[in-house]
Amino acid sequence: MDSPPDSLIEAPAVATRRAKVVVLAPMDTALDYLIPDDFDLSVGDHVWVPLGHAKVRGVVVELYDSAEAAKLKPVAARIDDPRVPEASLRFWLWAAAWTLTAPGTFLKGCLQALKTPKAQARHGYVRREVEALKPTAKQARVLELAVLPLTAAELAQAAGVTPGVVQTLEKKGWLEKVELSREGFAAPDPDHKTPSLNADQGAADRLLQNEWERQGFAPVLLDGVTGSGKTEVYLESVARALRDDPTAQVLVLLPEIALTTAVMGRLQSRFGVPPVQWHSAVSASQRRRIWDGVASGEARLIVGARSALFLPYTNLKLIVIDEEHDGSYKQEEGVRYQARDLAVMRAHRDGFMVVLASATPSLETLTNAQKGRYQWVRLESRHGTAQLPDIALIDMKTHPPEKGFWLSDPLVGEILATLQRREQVLLFLNRRGYAPLVLCRACGERMTSPKTDSWLVEHKSTGRLVCHLTGFSMKKPDRCPHCGALESLTAIGPGVERILEEVHERFPQARAEIFSSDTTPDADSSAALIKRVENHEIDILIATQAAAKGHNFLNLTLVGIVDADLGLKGGDLRAAERTFQLLAQATGRAGRATKPGRALLQTYTPEHPVMQALQAQDREAFYAYEQMSRDIARFPPFGRLGAVILSAKDNGLLNRYARELALAIPNTEGIDVYGPADAPLSLVRGMWRKRFLVRADRNRDLQGFMNAWLKSLKAPNAVRVVTDIEPYSFL
Ligand code: ADP
């Protein structure tokens, strides 16, 4: 080959060290920066980088050398926060792409805890080995006490002096300032208190051990009726993980805080130390401490709600997802994600075990187990002599309650008999407040939340009308705001408060209380209520789903489901599945000990497959029916779904953009797009809403399709576009 003319030969460029940085801002890609010579950077480091005229925070996601000419700015500074372990960082970036979220936005969420500064090191003072020349009486008292390091405040208080005295002693060189040890994370002891598993549990544990020993990705469905000892069994897997590798970290995911309290106690007695808790009620300074502790590997056993999945684990080896079917694993605000699915992906990416525990698995998980994708470990019976309750349907068409009442004669009779035996009753109605709808008898006006399509729910305990969607509330007016009629607003339908009213009227001697998120807003109040039930200070507990799971009430022998049909209305994809799971859980509260339990379901549709399956206690029949109907429609788990929710203040603009977006739908085999349709809640807080639903065959790239489609038509600034992969809410 001829050599090129001299003028075309480029001077040999010198390779420079560069970094790709994801800045914590809604940008689609990482940005390139030069690394100054005196910088030592690693992937996962936090940095300040120039962006336009500002300096922004970011995380280094890649280091490389390049000689390619490019106008790059240098990294401004490294931030002294714990480096994000690489496996966690890669997972976060993957999860961002999976949920169609800008990587910087996703990382910002994962790094929230770092906004709180690290706790300052605490200092204490201790006596120096020098002779103090002529100390005052006060000083002498302090010196006498300062044999072990104490803080200035502690010393001053103990000696009855002001903290100034301590400072003076330090200046004189008679006291030495030392750093007090930080509050660390006690190491869990896998052999602290080993249980004696029964035969079934032992067999299940051996299956789990086999999976564990294969080392690698091992998804397991731990499937057993409530009370069979799933928790006992998975605790052994936790112990195994902690024992096998002294640096291993274990995450136990729980659907809600109320349940955390119960499981926390069991973990503590099993492993000798309280596990690290991570959920919405944990304070910002604790979050910071935990974040750092997880990143350093010191925190090894973490129990938390869905967001605990995004802590910066250094060596995660096992995830347990308790009550894996629970809808609260789906995050519905901000970045929308399904923590269960992402947890399985985390285990898959890094090759470790994930245990999904449930008495009523999600259809997705059950199908995976049936197809052999997950190992299926079953516990068939309750521990000890406890039996599953006997379940009967009450046909409300034949036993209509009296006007203004909601409990039918057969249920009332059974409650009376239970009370006479001095046993406890749970009445289940998954509806907070007094009445779900308030309307005017004079003009028919329905009370709704301002600029929102949702009904106001009457709460008699506070005298207010409350919107459960937006949180709006108002005092219940005397007059109809529409027609002005006096005392015309009428409560329609029952909530738990109204059932309590009926219970007081029918069983005046019985001690009754409500268990809902209104009466037990935090872990302490729910623990206190649970104690009162356990101590039999309550005869009749009227509960929403807050009480349906997890708790073992030994003297509770009757469960009455006030409105079994409730969850079936509204007709979203998982309505039947959710109803089945919730009612199976709720009826499972009866007869947890030696006394036999009974559950009565009030229904207007006793012929519905959900009711039939519940009555026959034939879970498989229900799942088979539900799988068949989903399969016909190619809905999850036989297909995949994605939703696009558009909202805007200007309804005309929204409609125009929705129409244009509909015209831009790419024609792709195996993918269907439905919509745009008005969202069932078409107006929320003054924003109009429209939805698209995307259905894709399982082997299609749903995210790729949605990305290409949405990027093809830029949304006006005034239109908000939210995407939801595997939506659970269709409102
Ligand atoms: P699940 O998680 O399946 O609902 P749990 O693990 O909560 O079941 O067990 C139900 C109850 O039975 C708990 O109170 C638990 O302490 C008790 N239990 C289960 N297995 C055993 C066992 N092998 N020895 C002693 N108690 C057990």
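Residues numbered from 1 in each chain as written. Predicted model: local features only at pLDDT ≥ 70, side-chain atom pairs only at ≥ 80, totals over all residues. Heavy atoms only, no water.

(A) Just the sheet that holds strand β22 (residues 473–475), in detail. Read across the open sheet, the 3 strands follow the order β20-β21-β22; overall the sheet is antiparallel. Where the open sheet ends on each side, the last strands, each with one partner, are β20 (457–459) and β22. Strand-to-strand twist of the sheet, defined as the mean angle between neighbouring strand axes without regard to direction, takes the value 30 degrees. The sheet contact formed by strand β21 (residues 464–466) and β22 spans 3 bridges and is antiparallel. Looking across to β22, one finds that arginine 464 is bridged to lysine 475. (Pairing = 2+ DSSP bridges. Helix = DSSP H or I, 4+ residues; strand = E, 2+ residues; numbered from the N terminus. Axes fitted to C-alpha atoms, helices over the stretch in contact; angles between N-to-C directions.)

(B) Molecular detail of the pairing of strand β15 (residues 353–358). Most of β15 sits out of view: 6 of its 6 residues are buried. In β15, alternate side chains face the same way, and those of Met353, Val355 and Ala357 on one face and Val354, Leu356 and Ser358 on the other are all buried. As judged from the 6 bridges shared by strand β8 (residues 218–224) and β15, these two strands associate in the parallel manner. Looking at β15, one finds that proline 219 is bridged to valine 354. As paired elements, strand β12 (residues 316–322) and β15 share 5 bridges and run parallel to each other. In the strand pairing of β15, leucine 318 is matched with methionine 353. (Buried < 20%, exposed > 50% of the residue type's maximum accessible area, 1.4 Å probe, protein only.)

(C) Structural context of the site of the ligand. Taken together, 16 residues lie near the ligand, and Ser196, Gln201, Lys230, Thr231 and Arg266 sit nearest. Serine 196 places a polar main-chain atom, nitrogen or oxygen, 2.9 Å from a nitrogen atom of the ligand. Between the ligand and glutamate 232, the relevant distance is 3.4 Å, taken from an oxygen atom to a main-chain nitrogen or oxygen of the residue. Per element, the largest residue contribution to the shell around the ligand is 3 residues, and it comes from helix α7 (residues 230–244). Each residue belonging to the shell around the ligand can be placed in one class, and the counts come to 2 nonpolar, 10 polar and 4 charged. (Near = heavy atom within 4 Å. Polar contact = N/O pair within 3.5 Å; in protein donor to acceptor, adjacent residues only side chain to side chain. Nonpolar A, V, L, I, M, F, W, Y, C, P; charged D, E, K, R; others polar.)

(D) Here's a closer look at the nonpolar core. Trp92, Leu251, Trp291, Ile302, Phe310, Ile319 and Leu601 are the most contacted members of the largest nonpolar core, which totals 85 residues. If one sorts the elements of this core by residue count, helix α1 (residues 86–98) sits on top with 6 residues. Setting aside its immediate chain neighbours within four residues, leucine 251 contacts Ile302, Ala308, Leu309, Tyr313, Leu316, Leu318, Ile319 and Val320. Membership of the second largest hydrophobic core comes to 29 residues, among which are Leu208, Ala218, Ala239 and Leu318. (Core = buried A, V, L, I, M, F, W, Y, C linked by side-chain atoms within 4.5 Å. Contact = heavy atoms within 4.5 Å.)

(E) View of the packing of α1 against helix α10 (residues 339–350). Two elements in contact, α1 and α10, have axes separated by 11 Å at closest approach and are oriented at 135 degrees. Looking at the two axes, α1 sits oblique to α10. As α1 packs across α10, the resulting crossing turns out to be right-handed. Counted together, Ala87, Ser88, Arg90, Phe91, Trp94, Ala95 and Trp98 of α1 and Leu342, Met345, Arg346, Arg349 and Asp350 of α10 form the full contact between these two elements. (Parallel < 35°, antiparallel > 145°, perpendicular 65-115°, else oblique. Left-handed = near helix turned anticlockwise from the far one by under 90°.)

(F) Representation of the sheet that holds β15 within the structure. A sheet is described by the order of its strands in space; here 7 strands give the open sequence β10-β11-β9-β12-β15-β8-β16, paired in parallel fashion. Each of the sheet's edge strands pairs with one partner strand only, and the pair in question is β10 (276–278) and β16 (375–379). Averaged over all adjacent pairs, the angle separating strand axes in this sheet is 20 degrees, with direction ignored. Of the pairings in the sheet, the one linking strand β9 (residues 249–253) to strand β11 (residues 301–304) comprises 4 bridges and is parallel in character. Each bridged residue has a counterpart across the sheet, and for leucine 251 the counterpart in β11 is isoleucine 302. Lying on the sheet, helix α9 (residues 284–296) is in contact with β9, β10 and β11; it crosses β10 at an angle near 120 degrees.

(G) View of helix α11 (residues 363–370). By the criterion of burial, α11 is predominantly enclosed, with 7 of the 8 residues buried. Buried residues in α11 make contact with β8, α10, β15, β16, α15 (575–587) and α17 (619–633). Positive phi appears at glycine 372, one or two residues downstream of α11, with a value of about 85 degrees.

(H) Representation of a nonpolar patch on the surface. Where nonpolar side chains cluster on the molecular surface, the patch consists of Tyr625, Met628 and Ile632 and spans about 340 Å² of accessible area. Tracing the sequence through the fold places methionine 628 in helix α17. (Patch = residues over 30% accessible without salt bridge, like charges linked within 9 Å, V, L, I, M, F, W, Y side chains within 5 Å. Areas by Shrake-Rupley, 256 points an atom, 1.4 Å probe, with all protein chains shown as cover. Salt bridge = Lys/Arg side-chain N within 4 Å of Asp/Glu carboxyl O.)

(I) How the structure looks around the packing of α1 against helix α2 (residues 103–110). At a minimum axis separation of 9 Å, α1 and α2 run at an interaxial angle of 130 degrees. Comparing the axis directions of α1 and α2 gives the class oblique. Read as a crossing pair, α1 and α2 show a hand that is right-handed. Judged by residue contacts, Leu89, Trp92, Leu93, Ala95 and Ala96 of α1 engage Pro103, Phe106, Leu107 and Cys110 from α2. Among the residues making up the contact of α1 with α2, the classes are represented as 9 nonpolar, no polar and no charged.

(J) Seen up close, the confidence of the model for the protein chain. Summing up the model confidence of the protein chain, the mean pLDDT is 89 and the portion of residues at 70 or higher is 96%. In the model, residues 1–7 has pLDDT below 50 throughout and makes 1 contact with residues more than four positions away in sequence or in other chains. (pLDDT = per-residue confidence, 0-100.)

(K) A look at the side chain of arginine 240. Summarising the element assignment, arginine 240 is placed in helix α7. On the basis of relative accessibility, which here comes to 8%, the residue arginine 240 falls in the buried class. A distance of 2.6 Å separates polar atoms of two side chains, one belonging to arginine 240 and the other to aspartate 205. Apart from residues no more than four positions distant in its own chain, arginine 240 is found in contact with Asp205, Leu208, Gln209 and Trp212.

(L) The arrangement of the side chain of arginine 18 in detail. Looking at where arginine 18 falls in the secondary structure, it is placed in strand β1 (residues 16–23). As a buried residue without a salt bridge, arginine 18 has its nearest oppositely charged side chain in glutamate 68, at a separation of 5.9 Å. Within polar-contact distance, the side chain of arginine 18 engages the backbone oxygen of serine 66 at 3.4 Å. A polar contact is formed between the side chain of arginine 18 and the backbone oxygen of glutamate 68, at a distance of 2.6 Å. (Lys, Arg positive; Asp, Glu negative; His and termini not counted.)

(M) Structural view of unusual backbone geometry. The amide bond that connects proline 636 to the next residue, proline 637, takes the cis arrangement and shows omega of 5 degrees. With respect to the secondary-structure elements, proline 637 resides in the loop between α17 and β28 (640–648). The omega torsion across glycine 675 and proline 676 is 10 degrees, close enough to zero to call that bond cis. Mapped onto the elements of the fold, proline 676 is located in strand β29 (residues 671–684). Of note, glutamine 215 is a non-glycine position whose phi angle comes to about 50 degrees, a positive value. Along the chain, the position of glutamine 215 falls in the loop between α6 (199–213) and β8. On the accessibility criterion, glutamine 215 (67% relative accessible area) is exposed. Even without glycine at this site, glutamine 617 takes up a positive phi of about 50 degrees. Residue placement: glutamine 617 occurs in the loop between α16 (609–616) and α17. Relative accessible area serves as the criterion here: at 39%, glutamine 617 is assigned to the partly exposed category.

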